[in-house]
Protein chains: 2
Amino acid sequence: MSKAAALNVSIERIQRDIEHLATLGQTPSGGVSRTSFSSADKQMRQWLHGQCQEHGLTMRTDGIGNIFIRAEGMNVPKAAPVCAGSHLDSVPEGGRYDGIVGSVAALEVLRVLGQAAPALQRPVEVVIFADEEGNYHHLLGSTALVDNFTWEELQQLRGREGDLLVDALSAMDWDPRHATRTALSSHDVHAFVELHIEQGPVLEESHTDIGIVTSIVGLAGGQLDFVGSQDHAGTTPMRLRRDPMQAAGSFLGQLARIASGTSSTAVLTCGLMEIEPGGTNVVPRLARLHLDFRDPDPDVLSQLEQRIIDCASNAANQYGVEASFRRMSVTAPVPLDPHIRALLREVALGRNLSVTDIPSGAGHDAQNMARLTPTAMIFIPSAGGKSHSPQEHSSWQDIEHGANVLLDGVVRLAQA
Amino acid sequence: MSKAAALNVSIERIQRDIEHLATLGQTPSGGVSRTSFSSADKQMRQWLHGQCQEHGLTMRTDGIGNIFIRAEGMNVPKAAPVCAGSHLDSVPEGGRYDGIVGSVAALEVLRVLGQAAPALQRPVEVVIFADEEGNYHHLLGSTALVDNFTWEELQQLRGREGDLLVDALSAMDWDPRHATRTALSSHDVHAFVELHIEQGPVLEESHTDIGIVTSIVGLAGGQLDFVGSQDHAGTTPMRLRRDPMQAAGSFLGQLARIASGTSSTAVLTCGLMEIEPGGTNVVPRLARLHLDFRDPDPDVLSQLEQRIIDCASNAANQYGVEASFRRMSVTAPVPLDPHIRALLREVALGRNLSVTDIPSGAGHDAQNMARLTPTAMIFIPSAGGKSHSPQEHSSWQDIEHGANVLLDGVVRLAQA
């Protein structure tokens, strides 16, 4: 412990890297658009290759674009590596920190270890996942590490512009058939740790330096339809209406109550609504709410769905309309490894940082890695909870704290 | 009175005419699409011309397409006529009764008077208004009877397909410049009565034969914006959200309470809503409600607007978002003539029909005619309150009742 604590990341190097990466795919608004396999992504890969050469690191890219970096020259034992990393792609008009912080910090961990050369029982490897933001597939790269895509599956995958993934891979001068041979086995990785910005406001609000992620939330989605009677907006008295907008409204006004009444971690969102026929002077026939609801506990997720159905039914009865719910998707919550969580808490407290347990409300590659190997995540504060926007921001100090916790955690795992 | 009561319309002739008109512009769904100046409208005008020749009536069309029909051959005094009529155009995929009932009944009144030749102090004239459904302009024909359009105004008017009104008029073989010389003076008309289907459910629900329209409602519209904070649907806890959907929902759940709490005649509708940015996994920044609200009393309309603003403000405060209302349009309510209303009630009761006062929640040409001359409207029941759809329906008995009340009313007005 004494030796590990003596190592520190260089926030200057991290800052230099993050600022440089912000120029690759930079948009006029100050944001970043760096979709995987775009020209900005190619620039990123060239830059990373240069960094590896400069620091004596070996970079390997698998068939789907995941990048693996090791300090091969170091005198490391032959054993399954401790992996750390994140992603370097962004959403369109995204920010400078989502994925970048964890990727650059993992690279810095390798640089620090290369200089300090502490005695380790296992190699340390950086993983940069391809297409985490899911232009072609939700968490594309880490999904391909857990299970090989078939050639037929790969040929179906298209980006939001309609372009084929296999064409994008070919344009990288890669053989897309290699993208069917990417899966790792549980013997290939000893553990995985991902540092990431919170993308929410909880750490900032509570003035906490480090969040140890307890689990990645389960996500459910569905359509909630309220169906009434289409009528003339002028000639139908209020008392004779069967207006689905009023029932949908009553339900929407209870979103917070429904979620908080189920658990303190549950969230429930309606970000999209369809109205038919949708004219200003027509009482609608249909109000369709698209719901997104999440909780780290699968039982709570089921309870939440039942509450949604019950509340919708009550609102429908109150306004004389019909309600029906159709589940569209469910992703099970992924608990993270208790041992690594305890270890990360210990090293953070050892650096006099404030620590809290926190669920992740967003999906991460760590949820796939958890199917392969003991996995944990470290969160640092996001200013205003903003993410997926040019306003995304984390302070250099918070990034330094997070990177040092990652460094200590990785060293502890590699010493075991 | 004894002589007038002896006259009766022929529901057989009315039925024959309505059924024939339903074939002009008939759609596969059984509805009618007969936009003014369309080929179906041309067929209608030809048919009407034939009817006039058959019954010794004179048909004249003004520069904007309004049709005037008189029994010139009859020995009538030179005086301002009592006018009755409605419109024969329809909305796309409209029904067989809206406008048609009142137009055919007025034509039947002329036919009955032509046969019976009662002693009258004034001529009776049928008016069929052009483009009541407002493809080119809201209540185009009656608007042109109140005030001449200027040539510049006319040149601006376009249909929903983007076509110019002046081109549509030219295609009728009319000189569009004549459309600038259509206005009547108050000396040109003695009174106007329009028979129309209710387009709402009130008469049917209360088993009432005849509605005497008290006034045509004032109509107001506006945008109600709720603005909060755009956030990640997964990572932002419910308690830290400023979610405009929840505030908008709370407001929508109170639509009926807001209207009914202002007056028993007030209606308030949200048939259209915009959400920004509008993604299933994003807490929106903006929820914009398009509101339509109406009442026959201008004071109530103002009170209703104030209540909307107050309730929106309360909902916004409750959910920590901002609310703002922007008025988009206001049409003042038009009270109808008390003398003619009393006369119509009297003749309806004289036929042992049940009668009620009723406001019109929809706009009608009568609201323009009321600016020229004492004006009234007679409503008959609409099945299920349906209108502007192929499901529109009124029974032959109800139509016969309405047409007889129109006949009696017109005769009484023409005897004065």
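Residues numbered from 1 in each chain as written. Chains lettered and ligands numbered in written order. Predicted model: local features only at pLDDT ≥ 70, side-chain atom pairs only at ≥ 80, totals over all residues. Heavy atoms only, no water.

Engineer: What am I meant to see in the nonpolar core here?
Structural biologist: Taken as a class, soluble globular proteins show a tendency for nonpolar side chains to be buried jointly. Formed by 63 residues in total, the largest nonpolar core has its most connected members in F226, F251 and M273 of chain A together with F226, F251 and M273 of chain B. The residues touching F251 of chain A, leaving out its near neighbours within four places in the chain, are L224, F226, I258, L289, L291, I308, C311, A312 and A315 of chain A. (Core = buried A, V, L, I, M, F, W, Y, C linked by side-chain atoms within 4.5 Å. Buried < 20%, exposed > 50% of the residue type's maximum accessible area, 1.4 Å probe, protein only. Contact = heavy atoms within 4.5 Å.)

Engineer: Teacher, can you tell me more about the sheet that holds strand β7 (residues 218–227) of chain B here?
Structural biologist: Residue and element names in this part refer to chain B. Across the sheet, which stays open at both edges, the four strands sit in the order β9-β11-β7-β12 with antiparallel pairing between neighbours. Strand pairing shows two members of the sheet lacking a second neighbour, β9 (267–276) and β12 (322–331), which therefore form its edges. Taking the axes of each pair of neighbouring strands and ignoring which way they run, one obtains an average angle of 20° across the sheet. For β7 and β12, the ladder comprises nine bridges, and the chain directions are antiparallel. When the sheet's bridge partners are listed, Q223 is paired in β12 with R326. (Pairing = 2+ DSSP bridges. Helix = DSSP H or I, 4+ residues; strand = E, 2+ residues; numbered from the N terminus. Axes fitted to C-alpha atoms, helices over the stretch in contact; angles between N-to-C directions.)

Engineer: I keep staring at the sheet that holds strand β9 (residues 267–276) of chain A and nothing clicks. Help me out?
Structural biologist: Whenever strands of a sheet pair, they do so through backbone hydrogen bonds, lying parallel or antiparallel. All names here are of chain A. Read across the sheet, four strands follow the order β9-β11-β7-β12 without closing on themselves; strand pairing throughout is antiparallel. Edge positions in the open sheet fall to β9 and β12 (322–331), since each of these has one partner strand only. Averaged over neighbouring strand pairs, the angle between their axes works out to 20° when direction is ignored. Pairing between β9 and strand β11 (residues 286–295): nine bridges, direction antiparallel. Counted as the bridge partner of L268 is F293 from β11. Lying on the sheet, helix α11 (residues 298–319) is in contact with β7 (218–227), β9, β11 and β12; it crosses β12 at an angle near 160°.

Engineer: Help me understand the relation of the copies chain A and chain B, please; the structure alone is not making it clear to me.
Structural biologist: There are two copies of the chain, and a rotation about an axis plus a shift along that axis relates them. Rotating chain A by 180° about the axis while translating it 0.1 Å along that axis superimposes it on chain B, leaving an RMSD of 0.1 Å. In symmetry terms, the pair is related by a two-fold rotation axis. Of every C-alpha in chain A, the one belonging to G249 of chain A sits nearest the axis of rotation, 1.8 Å from it. (Least-squares fit on C-alpha atoms with pLDDT ≥ 70 in both.)

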